[in-house]
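Inside the fold
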2 protein chains.
Amino acid sequence: MTSAPTGQVPGVYRRRIGDILVTALCDGYLDADPSVLRNIAPDQVQAVLREGFRPFPPRIAVNAFLVQAKGRTALIETGSGDTMGPTLGHLVANMRAAGVAPEHVEAVLLTHMHPDHSNGLRAPGGGRVFPNAELVFHEAEWRHWQDDAAMAAAPERKRVRYFQAARHQVEPYLNQLRPITGGAVFPGVTAVPIPGHTPGHTAFLVADGPDSLLIWGDTVHIPEIQTRHPEVTLDFDTDPDAAAATRRRLFDQVATDRMLVGGMHIHFPAFAHLARHGEGYALVPEAWSPAM
Amino acid sequence: MTSAPTGQVPGVYRRRIGDILVTALCDGYLDADPSVLRNIAPDQVQAVLREGFRPFPPRIAVNAFLVQAKGRTALIETGSGDTMGPTLGHLVANMRAAGVAPEHVEAVLLTHMHPDHSNGLRAPGGGRVFPNAELVFHEAEWRHWQDDAAMAAAPERKRVRYFQAARHQVEPYLNQLRPITGGAVFPGVTAVPIPGHTPGHTAFLVADGPDSLLIWGDTVHIPEIQTRHPEVTLDFDTDPDAAAATRRRLFDQVATDRMLVGGMHIHFPAFAHLARHGEGYALVPEAWSPAM
């Protein structure tokens, strides 16, 4: 026999939206502290995970999406870089496995600035991971993390891991920032504000002709739990009530219109639909397609 | 930008069962003729597929599994080779992408002898695709396809596509056949007869310590439909009543014991659990794991 491999295959999956190529890229996973969940009893967390044949504590996928449209290349999210341990930080390796180098990326689009989304901007040496990319994000997001008074008032952990990290990660891109408020932001890509999880939390609608994909950022962190119980928030939601209200509104729209969604924390390859299920919803992962 | 790729990534996914490495390999897909379904109204077929966000006509995945255990390599199923058109026949290319060549395969285990399972045995030139493999299958399966009276009585299409194909595919391996009736058949692999779909239809239980995986062959062809409606049979079930009864019995066991299953027609990467759902069941695809 041949010697058995010791690692998983690259986390890369391709899907066309009309003529646009969207490539899901896996950054890795993290095992979440279940105590960050609000509005749900601990034994119910365990029951829902068990019903979905998922481990406890909840294991969360972290994904990003590469968009190649009309000869141009954008990356939606950067993963966590080298800041969150060895189970994460595999985005660039997977992007290279997909045939794209960091210097090919012309724009980095952020759904928001949390460590597992934007800490991949900066290389360990301090420079840019994406030397040729402008940095696109909602203006309310940047304003929030730049707010000195909010930072001073934040608990130590949030000050260091969120406020300081966001500032540190963005710093090498200061000469190429493009704050947005919504609308067309890249060929085939429209920004849709979905505030609550953070002030500038933004979804990106990728569309070509009748085909579309809504990349909904952190609308769910633990899909099994938050689709069944949209009221479940996390203690790092900036405005938990708004986060839950936005999630309910988006779920209703996605289910009613049978939209295809992509999510940073939907299990890789991270494409799914949403079905109504009892009082809540259920995520229906899109089946892997061997053809593109 | 870099030029965009035009094909999907290789259909390869690795999963450990204890110390055994199981690699799911995609052979491709086929669009099924829905008129082969029995015990379900055509509009119900469409409704169930729509509810699962699946296309109509039903698109069926075809998968195989490589098992590497205790230094030895077995392949469970061979896909359809070059006999069923360009959407299928990608097994060997995907196996090579996984780092395994056909000559490394020491045993080919067949769940049964239908074109999308065993037509990958023989190369276009007529020789073996797997030069060093013994061929392992249930003795009732081979007896069935070797039955001259049954072949003479079969309709033309079944005679050519099933009886003649089975004989033709097996012929280069006649000096290395290993008919079985059940029990241990390879390191870590136990054969479990599940007759009905064909007389020798066989599941393979891969187990190491407390970890196990039941590769259940064609217990479902169209998972969305047959989990919800286990009574739905196909016109190429040899004994439709037995096929449905076996399916119901196996579903009960898999759901009760929370078993992990692998299926030739479960969407790639083809690992799942089964949950009770109303009068029937629902398949819960196992989430992609970035780690092995």
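Residues numbered from 1 in each chain as written. Chains lettered and ligands numbered in written order. Predicted model: local features only at pLDDT ≥ 70, side-chain atom pairs only at ≥ 80, totals over all residues.

**Focus on the overall build of chain A**
Put simply, the test is: Numbering of helices and strands runs from the N terminus, with a helix taken as a DSSP run of H or I at least four residues long and a strand as a DSSP run of E at least two residues long. When we talk radius of gyration, it's over C-alpha atoms, and the globule rule is simply 2.2 Å times the number of residues to the 0.38. Exposure criterion: with C-beta atoms placed from backbone coordinates, a residue whose C-beta has 20 or more other C-beta atoms within 10 Å is buried, one with 12 or fewer is exposed, and one in between is partly exposed. Contact definition: two residues whose C-beta atoms, as placed from backbone geometry, lie within 7 Å.
Along chain A, the regular secondary structure elements total 8 helices and 16 strands. On C-alpha atoms alone, chain A measures out to a radius of gyration of 18 Å, which is about the 19 Å that the 2.2 N^0.38 rule sets for 292 residues. C-alpha atoms of chain A, sized along the principal axes, occupy 55 × 45 × 45 Å. Residues classed as buried in chain A amount to 51% of the 292 residues present. Long-range pairs, those at least 24 residues apart, make up 70% of the contacts in chain A with a sequence separation of at least 6.

**Quick look at the confidence of the model for chain A**
For the record, the criterion: Residue-level confidence of the predictor is summarised by pLDDT, bounded by 0 at the bottom and 100 at the top.
Residues of chain A with pLDDT of at least 70 account for 99%, and the chain-wide mean is 97. Among the prediction metrics, the complex's ipTM stands at 0.96, with pTM recorded as 0.97.

**Thoughts on the relation of the copies chain B and chain A**
Both copies of the chain are related by one operation, a rotation about an axis with a shift along it. The criterion, for reference: A least-squares fit on C-alpha atoms brings the copies together, and the residues used are those whose pLDDT is at least 70 in both copies.
With an RMSD of 0.0 Å, chain B superimposes on chain A once it is rotated by 180° and translated 0.0 Å along the axis. This pairing of chains is accounted for by a two-fold axis. The C-alpha atom lying nearest the rotation axis in chain B is that of Pro 285 of chain B; the distance is 4.1 Å.

**Focus on the interface of chain B and chain A**
Opposite the 39 residues of chain B that make contact, chain A presents 39 residues. Counting residues per element, the ones that place at least two in the side of chain B that touches chain A are β1 (12-17), β2 (20-31), β5 (72-76) and β16 (280-285) of chain B. For the side of chain B that touches chain A, the element with the most residues is β2 of chain B, which contributes 4 residues.

**Regarding the sheet that holds strand β4 (residues 59-69) of chain B**
All names here are of chain B. What counts is decided by this rule: Pairing between two strands requires that DSSP report at least two bridges joining them. Axis lines are fitted through C-alpha atoms, for helices just across the contact stretch, and the angle between N-to-C directions can take any value from 0 to 180 degrees.
With mixed pairing, 7 strands are arranged side by side in an open sheet as β1-β2-β4-β5-β6-β7-β8. Across the chains shown, the open sheet's two edge strands, defined by having one partner strand only, are β1 and β8 (177-180). For this sheet, the mean inter-axis angle between neighbouring strands, taken without regard to orientation, is 25°. Of the pairings in the sheet, the one linking strand β7 (residues 134-138) to β8 comprises 4 bridges and is parallel in character. From the neighbouring strand, Phe 137 faces β8, where its bridge partner is Pro 179.

**Some remarks on the sheet that holds strand β14 (residues 261-262) of chain A**
All names here are of chain A. Overall, mixed pairing links the 7 strands, which are arranged β9-β10-β11-β12-β14-β15-β16 in an open sheet. Where the open sheet ends on each side, the last strands, each with one partner, are β9 (183-186) and β16 (280-285). Note that β14 and strand β15 (residues 271-277) share 2 bridges and pair antiparallel. Each bridged residue has a counterpart across the sheet, and for Gly 262 the counterpart in β15 is Phe 271.

**Structural notes on unusual backbone geometry**
Residues and elements named next belong to chain A. Here the bond from Phe 56 into Pro 57 is cis, since omega is 0°, no more than 30 degrees from zero. One can find Pro 57 in the loop between α1 (42-51) and β4 (59-69). For Phe 53, which is not glycine, the phi dihedral falls at a positive 55°. You can see Phe 53 is positioned in the loop between α1 and β4. Among the residues examined, Phe 53 registers 17 C-beta atoms within 10 Å and is labelled partly exposed.

**What about helix α8 (residues 240-256) of chain B?**
Residues and elements named next belong to chain B. Put simply, the test is: Expected helix span is taken as 1.5 Å per residue step, with the number of steps being one fewer than the number of residues.
In this model, α8 (17 residues) spans 24 Å end to end at C-alpha, consistent with the 24 Å of a helix rising 1.5 Å per residue. Of the surrounding elements, those touching the buried residues of α8 are β12 (211-215), α7 (223-228), β13 (233-234), β14 (261-262), β15 (271-277) and β16. Phi for Arg 258, located one or two positions after α8, is positive at around 50°.

**A few points about the environment of Gly 126 of chain B**
Residue and element names in this part refer to chain B. For Gly 126, the location among the structural elements is in the loop between α3 (115-118) and β7. Given 9 C-beta atoms within a 10 Å radius, Gly 126 is considered exposed. In the structure, Gly 126 is positioned 161 residues away from Ala 287 in sequence and 40 Å away in space, judged by C-alpha atoms.

**Considerations on the pairing of β7 of chain B**
Residues and elements named next belong to chain B. Counting buried positions over the 5 residues of β7 gives 4, a clear majority of the element. The sheet contact formed by strand β6 (residues 107-109) and β7 spans 3 bridges and is parallel. Opposite Leu 109, over in β7, you have Val 136 as the bridge partner.

**Observations concerning the pairing of strand β1 (residues 12-17) of chain A**
Each regular strand carries side chains that alternate between the two faces of the sheet. Residue and element names in this part refer to chain A. Burial runs high along β1: 5 of the 6 residues are buried. Strand direction decides the pairing type here: β1 and strand β2 (residues 20-31), joined by 6 bridges, are antiparallel. Looking across to β2, one finds that Tyr 13 is bridged to Ala 24. In this antiparallel pair of consecutive strands, β1 and β2, the connection spans 2 residues, and Gly 18 shows a positive phi of 60°.

**Comments concerning the environment of Asp 235 of chain B**
Residues and elements named next belong to chain B. Relative to the assigned elements, Asp 235 resides in the loop between β13 and α8. Classification of Asp 235 by C-beta neighbours within 10 Å gives exposed; the count is 11. The spatial distance from the C-alpha of Asp 235 to the C-alpha of Ala 282 is 23 Å, given a sequence separation of 47 residues. In this view, Asp 235 contacts Val 36 and Arg 38; residues no more than four positions away in its chain are not counted.

**With respect to the environment of Arg 276 of chain A**
Residues and elements named next belong to chain A. One can find Arg 276 in strand β15. It is 9.1 Å that separates the C-alpha atoms of Arg 276 and Arg 228, two residues lying 48 residues apart in sequence. Non-local contacts of Arg 276, meaning those with residues more than four positions away in its chain, are made with Ala 255 and Tyr 281.

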